[in-house]
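The primary structure of each chain is shown beneath.
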Amino acid sequence: MTLLIVLPGREDEAHRLAADLQAVDRAIEAQIWPVIGDPEEIEMVVASRHPRGLLGSFPNLRLVAAFGAGVEHLLGDPDLPERVDVVRTVDPELANGMAEYVVTAVGNRRRETEVYSHDQRLGKWEPQIYVLPGTVVVLGMGQMGSAVAGALRAVGHRVIGWSGSGRCASGVECISGRSALNEVLPIADVVVCLLPLTADTEGILDRDLFSSMKKGSLVVNVGRGGHLLEDDLIAALADGRPGHAVLDVFREEPLPANHPFWKHPAITVTPHVAALTDPRGAAECIAENWRRLQTGEPFLDLVDRGRGY
Ligand code: NDP
Ligand code: OXD
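The environment of ligand 1 is formed by 30 residues, the closest being Arg88, Met144, Ser165, Arg167 and Tyr309. Within the backbone of glycine 142, a nitrogen or oxygen atom sits 3.2 Å from an oxygen atom of ligand 1. Here a nitrogen atom of ligand 1 sits 2.9 Å away from a polar atom, N or O, in the side chain of aspartate 248. Relative to its free-state accessible area of 940 Å², ligand 1 is covered by the protein chains to the extent of 92%. Sorting elements by how many residues they give to the shell around ligand 1 places helix α5 (residues 143–154) first, with three residues.

All right, on to a negative patch on the surface then. Together, Glu29, Asp38, Glu40 and Glu41 make up a region of like negative charge exposed at the surface. Take aspartate 38: it is sitting in the loop between β2 (30–32) and β3 (42–47).

Okay, the packing of helix α3 (residues 94–110) against α5 next. Taken N-terminus to C-terminus, the directions of α3 and α5 make an angle of 50°; their axes are 8 Å apart at the nearest point. Put simply, α3 runs oblique to α5. In the packing of α3 onto α5, the handedness of the crossing is right-handed. On α5, the residues that touch Leu94, Ala95, Met98, Ala99, Val102, Val103 and Val106 of α3 are Gln143, Met144, Ala147, Val148, Ala151 and Leu152. Here the residues of the contact of α3 with α5 are counted per class, giving 12 nonpolar, one polar and no charged.

The rules behind these values
- Residues numbered from 1 in each chain as written.
- Chains lettered and ligands numbered in written order.
- Predicted model: local features only at pLDDT ≥ 70, side-chain atom pairs only at ≥ 80, totals over all residues.
- Heavy atoms only, no water.
- Near = heavy atom within 4 Å.
- Polar contact = N/O pair within 3.5 Å; in protein donor to acceptor, adjacent residues only side chain to side chain.
- Areas by Shrake-Rupley, 256 points an atom, 1.4 Å probe, with all protein chains shown as cover.
- Helix = DSSP H or I, 4+ residues; strand = E, 2+ residues; numbered from the N terminus.
- Patch = residues over 30% accessible without salt bridge, like charges linked within 9 Å, V, L, I, M, F, W, Y side chains within 5 Å.
- Salt bridge = Lys/Arg side-chain N within 4 Å of Asp/Glu carboxyl O.
- Lys, Arg positive; Asp, Glu negative; His and termini not counted.
- Charge placed at Lys NZ, Arg CZ, Asp CG, Glu CD.
- Axes fitted to C-alpha atoms, helices over the stretch in contact; angles between N-to-C directions.
- Parallel < 35°, antiparallel > 145°, perpendicular 65-115°, else oblique.
- Left-handed = near helix turned anticlockwise from the far one by under 90°.
- Contact = heavy atoms within 4.5 Å.
- Nonpolar A, V, L, I, M, F, W, Y, C, P; charged D, E, K, R; others polar.

These figures capture arrangement, not role.
Dropping the structure here:
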């Protein structure tokens with residue numbers, strides 16, 4: 001039985017992953033798309049942005065692992081057979097990377113680091129008193145959101161976590177439901193989106209949400225581009241609620257060259273790098289699920305296909 005790696009446009013990474021999988025378990029026979037041997041031999045696929053039509057062509061496919069934490073691309077594929085299980089690949093360093101990104105984004109804003117970069121070029125010495133840590137609302141308290149909440153707490157912020165179940169991490173105030181969210185938005189200095197993209201969360205960062213935020217506050221979107229209504233953000237920034245946006249994910253990636261976000265003075269753009277899946281760590285997770293596929297043990301990071309995450 002064979003495992004197929006499908007990472008279009010990232011062939012070097014695919015080869016590295018195949019080598020790392022071999023290093024973890026020499027029995028894993030990995031093929032790298034588009035080279036495919038006998039389609040009947042393929043039992044597991046590891047995929048990121050796979051081509052449509054592919055997943056319906058393996059009659060013995062039982063498991064698909066997303067190469068990363070988000071699964072909306074897989075679940076949105078009409079050719080993904082009903083019988084196939086879907087797992088995520090959440091390598092142990094992913095949440096640390098995300099926590100570092102968000103703490104840095106919030107810290108840069110509080111400490112106005114862009115001003116000092118500018119001042120340095122002018123040889124200007126002008127210290128400013130920075131604002132004290134504030135209140136951060138984290139939308140989504142899963143593996144990423146919990147790590148981010150913990151890191152923000154550690155540097156002194158009050159953190160309120162919003163999730164479907166109201167699940168809690170230590171030291172974080174946890175809420176659920178739209179009315180509870182609406183109550184805390186006006187006191188938030190920062191709103192961080194770390195939700196999965198589902199039918200329920202699509203477009204959640206919209207005009208209504210922004211109008212409840214504080215003047216001069218910060219929104220950080222590290223979930224998916226589909227969470228944000230782009231025109232609503234541009235209008236909201238003009239009104240100062242929020243005062244700034246840090247965006248790592250976009251409806252169209254790469255962000256088109258003529259997109260207004262590139263030159264917007266109140267938007268910071270990064271190219272979907274908040275937390276990157278490391279092939280070495282990913283290989284451990286994938287190999288473990290490959291082993292479980294053979295033994296029938298429950299999978300790690302199994303996705304609830306009905307719920308969408
Ligand atoms: P998890 O599945 O571990 O957690 C998802 C969280 O979102 C849970 O707390 C869940 O609630 C909550 N949630 C889901 N739907 C709703 C809803 N309708 N209302 C309220 N809360 C909801 O996901 P991760 O933390 O691992 O990852 C989250 C997302 O981050 C990924 O899907 C991906 O899109 C993005 N990501 C981005 C990266 C980047 O580099 N920019 C890197 C990695 C991930 P409950 O607790 O009740 O289940
Ligand atoms: C992921 C991502 O989902 O990189 O892992 O966005």
